[in-house]
Amino acid sequence: MADLLDVRNLKIGATAYPPGEPPQDITIVHGVSFTLEKGKVLGLIGESGAGKSTIGLAALAYGRGGVRITGGEVLLDGENILAFGGRGIRDVRGRRVCYVAQSAAAAFNPAHRLGDQVIEAALRHGVMSRSEAWERAKYLFSVLGLPDPDSFGQRYPHQVSGGQLQRAMTAMALCPGPELIVFDEPTTALDVTTQIDVLAAIKRAIEETHTAALYITHDLAVVAQISDDIMVLRHGNTVEYGPVQQIIEAPQEDYTRELVSVRQIQKQEAPEQSDAVIRIDGVDAAYSGHFKVLHDVSVHLPRGQTLAVVGESGSGKSTLARVITGLLPPSKGAVTFKGETLPPKFAERSKEQLRKIQMLYQMADTAMNPRQTVRDIVGRPLTFYFGLHGGEKTRRVAELLEQIEMGKGFIDRYPAELSGGQKQRVCIARALAAEPEVILCDEPTSALDPLVAAGILKLLMRLQKETQLSYLFITHDIATVRAIADSIAVMYQGRVVRFGPKSQVLSPPFDDYTDLLLKSVPEMRIGWLEEVLATRRMGSAGH
Amino acid sequence: MKWRAIPLSAWIGLAGIAAALICALFAPWIAPFGEREVVGDIWLPMGGDFILGTDNLGRDLLSRLIYGAQTTIFVALAATILSFSLGVMLSFTAAVVGGWTDQGLSRLNDLMMAIPTLIFALIVLAVLPQELWILVLVMAVLDSTRVFRLGRAVAVDVTVMEFVEAARLRGEGRMWIIFREILPNTLSPLLAEFGLRFAFAVLFLSTLSFLGLGIQPPEADWGGIVKDNKDGIIFGIPAALIPGGAIAGLAICVNLVVDWLMNRTSSLKGGRGDG
């Protein structure tokens, strides 16, 4: 059988504008080749900056924001679409090759009904009449498992959930009956329990319609469920390319092996002890007085240990951190720190009380002032809490940078000159500078690539061993929980549904929600998706 | 800072501002004649002893222009700086404190803005004694309402960022948050506004002088010179256009420099990546 898509020696370049220097031409993708048969799925995987999205868009002969395709061929059914003119390429895009973006919420026009947007491309290209297109849209809605396929198209984007929107976008791509779809991280922004539904829907739809797909993601476990072949990319080069089985079970390259084993860090659970640094007793909390987010939450964090708070978005886990820091005073209950009750508002707490609880944010980008250098960012708590100045302060900042494995060469850099992992490390250094007893970590690794995230987790664990720090670690990722937690609190709709030592929480018998959550975490195993769908007890919470 | 990195447009702006400042500072030495000295016939053409000709009373126009730079730049600059200090302080306080303070200050600002600036200024200046510092103060207060609007809008954007939350949780005082966390991140729009406001201040002062409530004759100021010579336009005498050109030139020069400063403050290094 002939290949539907044949990419040969694809080279992509762009122009970089380093500050204070003349513009330079750089190469983003250095000669990548692959083929894709009709009805098959190829997974493109790699960390950010690997060039996977750029390659995906090149399949539409498109370069985003100053990106240029500088060499090679993209053969669609034997024709090089890179050589097509404006009219020719418009005929390919949206009809023969379609695109599904990562953030469906941003990709839909909020002013138009979903149905009209789903059939727009098919009408525009004259593939089918309006009524035919509506019929096809309804059919696709039902294949994708959307509620009320007949009336779903009448809704506006804000009236459906994130998972449904992502499926609607898949319907939009499938509607004109394309030969190839490019999925650009379609489930990355979704909760695990929702991700599994979307994943299953996409898989079923691809099988039903015999469409070929490029599936771009950074999560090897996800791509293992849906692809036939996998291509591992790094810095615009192919690291490894082969059938799923081979990549997952017998990876040849070191980098692939690292990716496969990244989720296997396990922390030995510390023995239970009653000496709690932070104790939360029967806390209720509400936003603007009436919208209640936390219901009777009671957990405690033993000294020198890690309590993982797990749950999907909207479960109230970040709100819990806001209550502890005093940003959101609880309407009932209290937070005690080493036996003394903390004032509910942070403004009423003493400097010492503030110092001992530090915070780590999900987005290190916005957690640091972009106009301050690393020296100022890390040095400020030293001046503020301990009155350090001049050489003494510089010495201590250098020490802290050493502690987070970065070295003092970074001391005069601005946040914009750091990578994502380095930024998070500087945030850790800033927290450490205050010499806290507790660090509240609000998903500090979820915006990072898996290998970088693993580095951050290892660093946090090392610091805990050295300095007896306690962490309250908020996350939605079970693999992270396994890696760092001593005890776990599972949250669902503002309530703690399960709380206890890790071994106890993660072993049966489970309550329904924990069961669903644990089963939704993609495993690095072929056929996992089918198994799970067959045995699920509780419908996804995302609806 | 590298001198080479300064673009040509900024050099032109800097040169223009420097020329105006030199005129203002060294007026008695540069000007060929005195400020109030009647030296010839009225509305003499350009050339000869009088490079730009004479004005409606027979005073040397170039000398009037050079002396006028003194008052115009001083008053406009003082008023702009004052209005920025006032507007930025109040607006940032409103944004950081929030709640009733914010409501109070913002509504008061709306109230001030509801009254047309020129009419407000005319009434206030007509009632108060005619002194320079009162003029500066009135211009500053009226202008600060515009600065407040902008300042609050940009500061609210920054106050919700996590690094500000982190500073609050550290226990930092309000002044630190305003000046160290928020101000550096709002500098670009504020600088752009500064250039614009300075130009407006020059124009506003000129308007007031033109209407007789600004700088009082016989003291020279650019707006006043336009007013003095406006009747000449009917007879084809360009004396009124020259100070007008000076006002426009200064406004453009200031904005050229501000544009360049804005590029610098919003560049990638230490910026928010929008350069």
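Residues numbered from 1 in each chain as written. Chains lettered and ligands numbered in written order. Predicted model: local features only at pLDDT ≥ 70, side-chain atom pairs only at ≥ 80, totals over all residues.

1. Quick word on the overall build of chain B
Regarding its fold elements, chain B presents 10 helices and 0 strands. Each principal axis of the C-alpha atoms in chain B carries an extent, and together these give about 70 × 50 × 30 Å. A buried classification covers 43% of the 275 residues belonging to chain B. Of all intrachain contacts in chain B linking residues separated by at least 6 positions in sequence, the fraction that spans at least 24 positions is 65%. (Helix = DSSP H or I, 4+ residues; strand = E, 2+ residues; numbered from the N terminus. Buried ≥ 20, exposed ≤ 12 C-beta atoms within 10 Å, placed from the backbone. Contact = placed C-beta atoms within 7 Å.)

2. Let's talk about the overall build of chain A
Across its full length, chain A holds 22 helices and 20 strands. By the compact-globule yardstick of 24 Å for 543 residues, chain A fits well, its C-alpha radius of gyration being 25 Å. For the C-alpha atoms alone, the extent of chain A along its principal axes is close to 70 × 55 × 45 Å. Put simply, 69% of the contacts in chain A that link residues at least 6 apart link residues at least 24 apart. (Rg over C-alpha atoms; globule rule 2.2 N^0.38 Å.)

3. Details of helix H4 (residues 99-114) of chain B
When the terminal C-alpha atoms of H4(B) are compared, their 22 Å separation across 16 residues agrees well with the 22 Å that a helix rising 1.5 Å per residue should span. With 1 of 16 residues buried, H4(B) lies mostly on the surface of the structure. (Expected span 1.5 Å × (residues − 1).)

4. A short note on unusual backbone geometry
Residue and element names in this part refer to chain A. In this structure, the amide linkage connecting Pro508 to the following residue, Pro509, adopts the cis form with an omega of 0 degrees. Looking at the secondary structure, you find Pro509 in the loop between helix H20 (502-505) and helix H21 (512-520). Phi at Glu435 takes a positive value of approximately 45 degrees, unusual for a residue other than glycine. Position of Glu435 relative to the elements: it lies in the loop between helix H17 (420-433) and strand E17 (438-442). The partly exposed category is assigned to Glu435, around which 15 C-beta atoms lie within 10 Å.

5. Looking at the packing of H17(A) against helix H18 (residues 450-467) of chain A
Residue and element names in this part refer to chain A. Relative orientation of the contacting elements H17 and H18 amounts to 20 degrees, with a least axis distance of 10 Å. Looking at the two axes, H17 sits roughly parallel to H18. The hand of the H17/H18 crossing is right-handed. Here H17 contributes Gly420, Gly421, Gln424, Arg425 and Ile428 to the contact with H18, which in turn contributes Val452, Gly455, Ile456 and Leu459. Of the residues contributing to the contact of H17 with H18, the split by class is 4 nonpolar, 4 polar and 1 charged. (Axes fitted to C-alpha atoms, helices over the stretch in contact; angles between N-to-C directions. Parallel < 35°, antiparallel > 145°, perpendicular 65-115°, else oblique. Left-handed = near helix turned anticlockwise from the far one by under 90°. Nonpolar A, V, L, I, M, F, W, Y, C, P; charged D, E, K, R; others polar.)

6. Some details on the pairing of strand E3 (residues 41-45) of chain A
All names here are of chain A. Among the 5 residues of E3, 5 are classified as buried, and the element is accordingly described as predominantly covered. Judged by which residues are buried, E3 turns out to be covered on both faces: Val41, Gly43 and Ile45 on one side and Leu42 and Leu44 on the other are all buried. The sheet contact formed by E3 and strand E8 (residues 212-217) spans 5 bridges and is parallel. Its bridge partner lying in E8, Leu42 is registered against Leu214. One ladder, built from 4 bridges, connects E3 with strand E9 (residues 229-234); its direction is parallel. Bridge pairing links Leu44 to Met231 in E9. (Pairing = 2+ DSSP bridges.)

7. A closer look at the sheet that holds strand E4 (residues 68-76) of chain A
Residues and elements named next belong to chain A. Taken together, the 4 strands give an open sheet; going across it, the order is E2-E1-E4-E5, and neighbouring strands pair in antiparallel fashion. The open sheet terminates on both sides in strands that have one partner only, identified here as strand E2 (24-37) and strand E5 (79-80). Sheet topology places E4 next to E5; 2 bridges connect them, and they run antiparallel. Residue pairing for E5: Leu76 is matched across the bridge by Glu79.

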